[in-house]
Amino acid sequence: MRVNIETMLEHLTTPAARLGDGYSIYRVPANVDRKHYEPRLVSVGPYHRSKHHLSAMEDRKRLYLLRFLDDGGESGHRRGLLLQDCIDRVRELEPRARACYFESPATGDDGEDDDGDMFVEMLLLDGCFVVQFFIQWFSGVADPIFNVGWNLPLLHTDLLMLENQIPYFILLALYDAYTHDGDGDLARPARRPKPSLTSIITAYFSQKEGRQPAATETAQLQEEDDIDHLLHLYHSTFVKPPDHLPARRHRHGGGGSRPPRTIHCAKELAMHGVRFVPKVGTSNILDVAFHDGVFEIPRVAVDDSTCTRFMNLAAFEQCRGGDAETPAAGKHLTSYVVLMDYLINTAEDVVILERADVMENNLANEEAAAAFFNQLRVCSYIDYDDHYLAPVYRDVDAFCRRKWPKYKAKFRRDYLNSPWAIVGFCFATTFAVVTFFNTIVNILKTFFHVLH
């Protein structure tokens, strides 16, 4: 069969580079644990739309579309105008939306061809579902389907998966149509100014995470047009560099020594005299510090949702990359999870961090927690010469090279590791002192006896 290269090239979808935007929605590598990247309740976007176990939510999406249209108008005529407005907006953005996907959405998971109408329909249905969900939450409208205990946490997790996204500008366009007061039949009675979609979504995630973004974080939040998708918005809001970054040294070749690429696990560090303590006065898990043999790590709770969220955030950072000047820019969470992977090799390391109150393990057992951090490391790549924790690696390595802390730690481990060991050591020390004193007295008596 002769391959017609020209025809093949003509049918290529428009690459992102030609539109000047770049990819923003990626597939993760095939060698990772897929359960943390595949939605379990609802699909958003083209990558997982044909999965059988997600089909139950498709009817719910259509219901949300109807609610979205009904909330935008009081009559069937106005509903039709709003629907056409949304279709026109999404169709205009279709080429730009296609260019956001690293893997072409031209075909679905079932391999069937997807023409432009199907792609627009998918963007419209999924986009309206997401927007209407946040509108209902903001308005205090409860949905009985999310009263089922596990559904809302599953949805929260699914919305923050790298492969389960649609471009944020699609959501903004639909929200703009929903709030648009145009001429004629689309005009609506005057209402109070509506909040931005970004502020609604940020408030939702803040409530579900049980924390509020700092005022400075909110003020520095990216412009809406610069946000790629929901996971990007979450990362921009909650994954922030620590307030006090460790002092950076010159890169290798610029007058400074190259920092270590690894550090010992928690068990080995404890044998070298390192103490682990929870860092107080911060809610940022990235705010790690080391000084004078004390490893300060903010307390982190690990459960199933933590695993999935960390893995997708780390994958997102890998996709974002850096530039020639700041190759480590925006990869602070990746640096953190790499550090935790080095600290945790086995269940013994997890126990040490639990006893130090650095970690709260809500997984099945310590082995599961160790496995989580080990698998999190699989696709987490950092520039070892220039990441924000490189100074910590260097300081830990320098401390472990000192002999005295290691000997002191061994002494504590061997003789002061329990009350009975301390009592025994005291008795042994007292006996040795008394024996030594008696020996000296006997030597002196003998010496003076010889002189006389």
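One can find the structure itself at the top, above this paragraph.
Residues numbered from 1 in each chain as written. Predicted model: local features only at pLDDT ≥ 70, side-chain atom pairs only at ≥ 80, totals over all residues. Heavy atoms only, no water.

Chemist: I would appreciate a short explanation of helix α8 (residues 197-209) in the present structure.
Modeler: The terminal C-alpha atoms of α8, which comprises 13 residues, lie 18 Å apart, in line with the 18 Å expected from a rise of 1.5 Å per residue. All of the buried residues along α8 are Leu197, Thr198, Ile200, Ile201, Thr202, Tyr204, Phe205 and Ser206. At the C-terminal side of α8, Gly210 shows a positive phi close to 70 degrees. (Helix = DSSP H or I, 4+ residues; strand = E, 2+ residues; numbered from the N terminus. Expected span 1.5 Å × (residues − 1). Buried < 20%, exposed > 50% of the residue type's maximum accessible area, 1.4 Å probe, protein only.)

Chemist: Please clarify how the packing of aromatic side chains should be interpreted in this entry.
Modeler: Tallied over the entire structure, the rule returns 22 aromatic pairs. Residues Tyr101 and Phe119 carry aromatic rings whose centres are separated by 6.3 Å and whose planes lie at 85 degrees to one another, so their mutual orientation is edge-to-face. One end of the pair, Tyr101, is in the loop between α4 (76-98) and α5 (116-139); the other, Phe119, is in helix α5, and 18 residues separate them in sequence. For the ring pair Phe205 and Tyr234, a centre distance of 5.6 Å and an interplane angle of 90 degrees mean the geometry is edge-to-face. In this pair, Phe205 sits in helix α8 while Tyr234 sits in helix α10 (residues 230-238), placing the two residues 29 residues apart along the sequence. Judged by relative accessible area, which is 1%, Phe205 ranks as buried. Following the ring pairs from residue to residue traces out a cluster consisting of Phe133, Phe134, Trp137, Tyr204, Phe205, Tyr234 and Phe238. Above the face of the Tyr47 ring, Arg27 is positioned so that its terminal group lies 4.4 Å from the ring centre. In this arrangement the basic side chain of Arg96 is found over the ring face of Phe169, its NZ or CZ atom lying 3.8 Å from the centre. (Phe/Tyr/Trp six-rings, centres within 6.5 Å; stacked < 30°, edge-to-face > 60°. Lys NZ or Arg CZ within 6 Å of the ring centre and 35° of its normal.)

Chemist: How do you make sense of the environment of Tyr168 when you look at a structure like this?
Modeler: Mapped onto the elements, Tyr168 comes out in helix α7 (residues 168-179). Of note is the side chain of Tyr168, whose polar atom sits 2.8 Å from the side chain of Thr198. (Polar contact = N/O pair within 3.5 Å; in protein donor to acceptor, adjacent residues only side chain to side chain.)

Chemist: How do you make sense of the environment of Gly80 when you look at a structure like this?
Modeler: Locating Gly80 in the fold gives a position in helix α4. Residue classification places Gly80 among the partly exposed residues on the basis of a relative accessible area of 35%. As a C-alpha pair, Gly80 and Asp70 span 10 residues in sequence and 9.7 Å in three-dimensional space.

Chemist: What is the right way to read the sheet that holds strand β2 (residues 289-291) from this model?
Modeler: Either a parallel or an antiparallel arrangement is found when strands of a sheet pair, and the pairing is made through backbone hydrogen bonds. If you walk across this open sheet you meet the 3 strands as β1-β3-β2, and the pairing is mixed. Each edge of the sheet is formed by a strand with only one pairing partner; in this case those strands are β1 (275-278) and β2. Strand-to-strand, the axes of this sheet are offset by a mean angle of 20 degrees, without reference to chain direction. Bridge analysis of β2 against strand β3 (residues 294-297) gives 3 bridges, and the strand direction is antiparallel. Directly across from Phe290, in β3, lies its bridge partner Phe295. Each of β2 and β3 is contacted by helix α16 (residues 390-400), which is oriented at about 30 degrees to β2, the strand it contacts most. (Pairing = 2+ DSSP bridges. Axes fitted to C-alpha atoms, helices over the stretch in contact; angles between N-to-C directions. Contact = heavy atoms within 4.5 Å.)

Chemist: Where do I start with the state of the cysteines in this structure?
Modeler: By definition, a disulfide is the covalent link that joins the sulfur atoms of two cysteine residues. Applying the stated criterion across every chain yields a total of 0 disulfides. Residue Cys128 stays outside any disulfide, its sulfur separated by 5.1 Å from that of Cys86, the closest cysteine. Classification of Cys128 as buried rests on a relative accessible area of 0%. (Disulfide = S-S within 2.5 Å.)

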